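# Summary of structural features
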Amino acid sequence: MFISDFIGESNEYDKKLTLEEKRPKSWLKSVSAFANGKGGVLFFGVADDETLVGLTDPRRVSEKISEIIKIRMDPIPQTDMEFHEENGKQFIILRILPGVETPYYYVGDGSRTAFIRIGNESVPAGVIELKRLVLRGSNQTYDSLSSHYSYEKYAFTKLRSVYRQRTGKELEEADFISFGLVDEKGMLTNAGALLADESPMRHSRLFCTRWNGLDKASGVMEALDDKEFSGSLLILLQGGEEFVKNNTKKRWKKTSDGRLEMPDIPERAALECIVNGLIHRDYLELGSEVHIDIFDDRMEIYSPGGMYDGTFVQDLDTDYVPSRRRNPIIADVFSRMNYMERRGSGFKKIKDDYHRAVNYRPELEPEFYSDASSFWVTLYNLNYNISIEEVSAERQKQLFEDEKTVVSNEKQSFGDGKTVILNKKQLFEDEKTVILNKKQLFENKVNESRVSILTKKKILQLYGQLSDDMCFSRTDVMRIIGITSSPAGELIKKMKKEKLIVPVVGHGKGRYRFEI
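Quick caveat, the model's predicted, so the values are computed rather than measured.

## What to know about the overall build of the protein chain
Helices and strands together make up the secondary structure of the protein chain, namely 17 helices and 23 strands. When each of the 516 residues of the protein chain is scored for burial, the buried share is 48%. For the protein chain, the proportion of contacts with a sequence separation of at least 24, taken over those separated by at least 6, is 64%. When the accessible surface of the protein chain is summed, it comes to about 27,000 Å², and 49% of that surface belongs to carbon and sulfur atoms.

## Considerations on the pairing of strand S13 (residues 250-255)
With six bridges connecting them, S13 and strand S14 (residues 258-263) associate as antiparallel partners. What sits directly across from Lys250, in S14, is Pro263. Between the end of S13 and the start of S14, which pair antiparallel, lie two residues.

## Points about the confidence of the model for the protein chain
Detailed reading of the predicted coordinates is not advisable wherever pLDDT falls low. The predicted model of the protein chain averages 85 in pLDDT, with 85% of residues at 70 or higher. In this model, residues 392-436 is a region of pLDDT below 50 whose contacts with residues beyond four sequence positions or in other chains number 47 contacts.

## Examining the environment of Ile68
Within the secondary structure layout, Ile68 lies in helix H3 (residues 58-72). For Ile68, a relative accessible area of 10% corresponds to the buried category. Between the C-alpha atoms of Ile68 and Glu21, which are 47 residues apart in sequence, the distance is 8.0 Å. Excluding its chain neighbours within four sequence positions, the residues that come into contact with Ile68 are Glu21, Pro24, Trp27, Leu28 and Met73.

## Points about the packing of helix H15 (residues 453-466) against helix H16 (residues 474-481)
Direction vectors running N to C along H15 and H16 enclose 105 degrees, while the axes themselves pass 10 Å from each other. Accordingly, the angle class assigned to the pair H15 and H16 is roughly perpendicular. For the pair H15 and H16, the contacting residues are Lys458, Gln461, Leu462, Gln465 and Leu466 in the first and Val477, Ile480 and Ile481 in the second. When the residues that make up the contact of H15 with H16 are grouped by side-chain class, the tally is five nonpolar, two polar and one charged.

## Things to note about the pairing of strand S8 (residues 121-124)
Residues in a regular strand project their side chains so that they alternate between the two faces of the sheet. The pairing of strand S7 (residues 111-118) with S8 spans four bridges and is classified as antiparallel. Paired with Arg117 across the bridge in S8 is Ser122.

## Considering the nonpolar core
If you look at the biggest cluster of nonpolar residues, it comprises 68 residues, and the most contacted ones within it are Leu159, Leu181, Leu233, Ile292, Met299 and Phe334. It is helix H9 (residues 267-279) that provides the largest number of residues to this core, a total of eight residues. Residue contacts for Leu159: discarding those within four places in its chain leaves Leu171, Phe176, Leu181, Leu195, Asp197, Leu234, Val333 and Met337. Counting residues in each nonpolar core, the second largest holds 21 residues, with Ile68, Leu94, Tyr104 and Tyr106 among its members.

## Observations regarding the pattern of salt bridges
Between side chains of opposite charge, a pair can form as their charged atoms come close. Taken as a whole and judged by the stated rule, the model has 30 salt bridges. Ionic pairing is found between Glu289 and Arg205, a salt bridge with its closest N-O pair at 2.7 Å. Taken as a pair, Glu289 in the loop between H9 and strand S15 (290-294) and Arg205 in strand S11 (residues 205-211) lie far apart in primary sequence, 84 residues in all. Residue Glu289 is classed as buried on the basis of its relative accessible area of 10%. A salt bridge links Lys351 to Asp319, with the shortest nitrogen-to-oxygen separation between them at 3.0 Å. You can see Lys351 sitting in helix H11 (residues 346-355) and its partner Asp319 sitting in the loop between strand S16 (298-304) and helix H10 (328-336), a full 32 residues away along the chain. A relative accessible area of 30% places Asp319 in the partly exposed class. What you see here is one network of salt bridges that share partners, running through Glu21, Arg60, Lys64 and Glu67.

## Comments concerning the sheet that holds strand S3 (residues 73-74)
An order of S3-S6-S7-S8 is seen for the four strands of this open sheet, with the pairing classed as antiparallel. Edge positions in the open sheet fall to S3 and S8, since each of these has one partner strand only. Across four bridges, strand S6 (residues 105-108) lies against S7 in antiparallel orientation. Each bridged residue has a counterpart across the sheet, and for Tyr106 the counterpart in S7 is Thr113.

## Some thoughts on the environment of Gly239
Along the chain, Gly239 falls in helix H8 (residues 233-246). Relative accessible area serves as the criterion here: at 10%, Gly239 is assigned to the buried category. For the pair formed by Gly239 and Phe229, sequence separation is 10 residues and the distance between their alpha carbons is 6.7 Å.

## Points about the sheet that holds strand S1 (residues 13-16)
The strand order across the open sheet formed by four strands is S1-S2-S5-S4, and the pairing between neighbours is mixed. With one partner strand each, in any of the chains shown, S1 and strand S4 (79-86) form the two edges of the open sheet. The mean inter-strand angle of the sheet, taken between neighbouring strand axes irrespective of direction, is 20 degrees. Against the sheet, H3 makes contact with strand S2 (40-44), S4 and strand S5 (89-96), and its axis sits at roughly 20 degrees relative to S5, the strand it touches most.

## Points about the packing of aromatic side chains
Using the criterion set out here, one finds 18 aromatic pairs in the structure. For the ring pair Phe472 and Tyr512, a centre distance of 6.3 Å and an interplane angle of 45 degrees mean the geometry is tilted. A residue pair is termed long-range when its members are at least 10 positions apart, and Phe472 in the loop between H15 and H16 and Tyr512 in strand S23 (residues 512-514) qualify at 40 residues. Residues Phe472 and Tyr512 agree in their burial class; the two are buried. Put simply, the rings of Phe442, Tyr463, Phe472, Tyr512 and Phe514 pair up and form one aromatic cluster. Over the face of the ring belonging to Phe312 we find Lys38, whose NZ or CZ atom lies 4.8 Å from the ring centre. Here Arg281 stacks its cationic end above the ring of Tyr283, 4.5 Å away from the centre of that ring.

What counts as what
Residues numbered from 1 in each chain as written. Predicted model: local features only at pLDDT ≥ 70, side-chain atom pairs only at ≥ 80, totals over all residues. Heavy atoms only, no water. Helix = DSSP H or I, 4+ residues; strand = E, 2+ residues; numbered from the N terminus. Buried < 20%, exposed > 50% of the residue type's maximum accessible area, 1.4 Å probe, protein only. Contact = heavy atoms within 4.5 Å. Areas by Shrake-Rupley, 256 points an atom, 1.4 Å probe, with all protein chains shown as cover. Pairing = 2+ DSSP bridges. pLDDT = per-residue confidence, 0-100. Axes fitted to C-alpha atoms, helices over the stretch in contact; angles between N-to-C directions. Parallel < 35°, antiparallel > 145°, perpendicular 65-115°, else oblique. Nonpolar A, V, L, I, M, F, W, Y, C, P; charged D, E, K, R; others polar. Core = buried A, V, L, I, M, F, W, Y, C linked by side-chain atoms within 4.5 Å. Salt bridge = Lys/Arg side-chain N within 4 Å of Asp/Glu carboxyl O. Phe/Tyr/Trp six-rings, centres within 6.5 Å; stacked < 30°, edge-to-face > 60°. Lys NZ or Arg CZ within 6 Å of the ring centre and 35° of its normal.

Right, here's the structure in full:
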């Protein structure tokens, strides 16, 4: 392993030129943050500008690191230290593993402080973040905690009705305890309080808006419809589902054996997203709600709280995301009512619903994005800018089941200028060819790629700044597009998958150029 390679590919690291024995907080805050999060790496002997300087006495430094961690950290996190030699220089690599006894505090300066990782920085945990760490360290979840609301004072008419309708069974009194909705003292758990008809959890709300146009400030009449729902989670779910149905359309056309339905947004995908938004939201976030925003070309669903395990969904293969549930009791109740499956297959079900739709195109693939405190899903309108006459069931079936036929590019030299003849529509219609320059060829390659429209715009913006012969890194992507490290890494991953960029050898891992 080369240190330069690791730095180019990850943001879960920190670096120190030397060991600051008199200012241990300067590096122990990262130890605390990594132990409280997904883990990370500290490099000793690396300057702030990532220059590999090295250490003069790595053996002594390693001993002091271990000593200071034992004195200044509570509890002591699990670490792994190794000596590393590179270019004739000595370094120490300190790996901090994700902790199970959170929060991990730095003890010094007359205080105890737990740190968390935000982007590339280690910052003190706020009140909400500290509560999350305490719950995690005690192996508890928010929805399992007992509230101060008595079960006898609340009704569950909606829950009983929906449970009977979807399972064919009655919800018995004993079920409230066995499902984890009521504790042994007759008090509602937070899960029970969220499912009560008149839920006392006032921050559990759903805001729905149908906007006029493609953004939230169209300049004419901004909102065409808006609703706010409160009460039981089931009231929120049914209200959100009804709002989506009322503010999207479903086309249809006759076929030889019936009729073909073409909804703007596949119904199962929309329901799955609303269910996930309500079940998996972070209910410790008191000043935020689940939002459904419908625009002409898409629907966006926002939910407070990122991925429960701290990962970023845009960095994962969403076909194989392991099931980690922030609110397992609520999730279990909805699973019993057949609103969701117990295994983590929600992302794949959403995408599969789109893939089966008549007007599906690869650029309309659902998009998932998360950060430390938020989660977004974007579902694109399959009928936007598509006239009913353009829809052919046979044509769409072929697009879904068969591979597209793209004639490979034939290169031909004219003097000292290279041109590329793109064999596409003209080749099949009248055998004419269009000579494209490099920029046109790359734009065509991007437009044919299986990424969303918004992602294509970002790629072309990046190409416009760099062209095809310049070497660039994740930092350049962040600067040019104006995004943070994780979405920049996701954009690079998508470009590599579509063969739009290739790694550049000889400059360390994490350097690329465009492929024409």
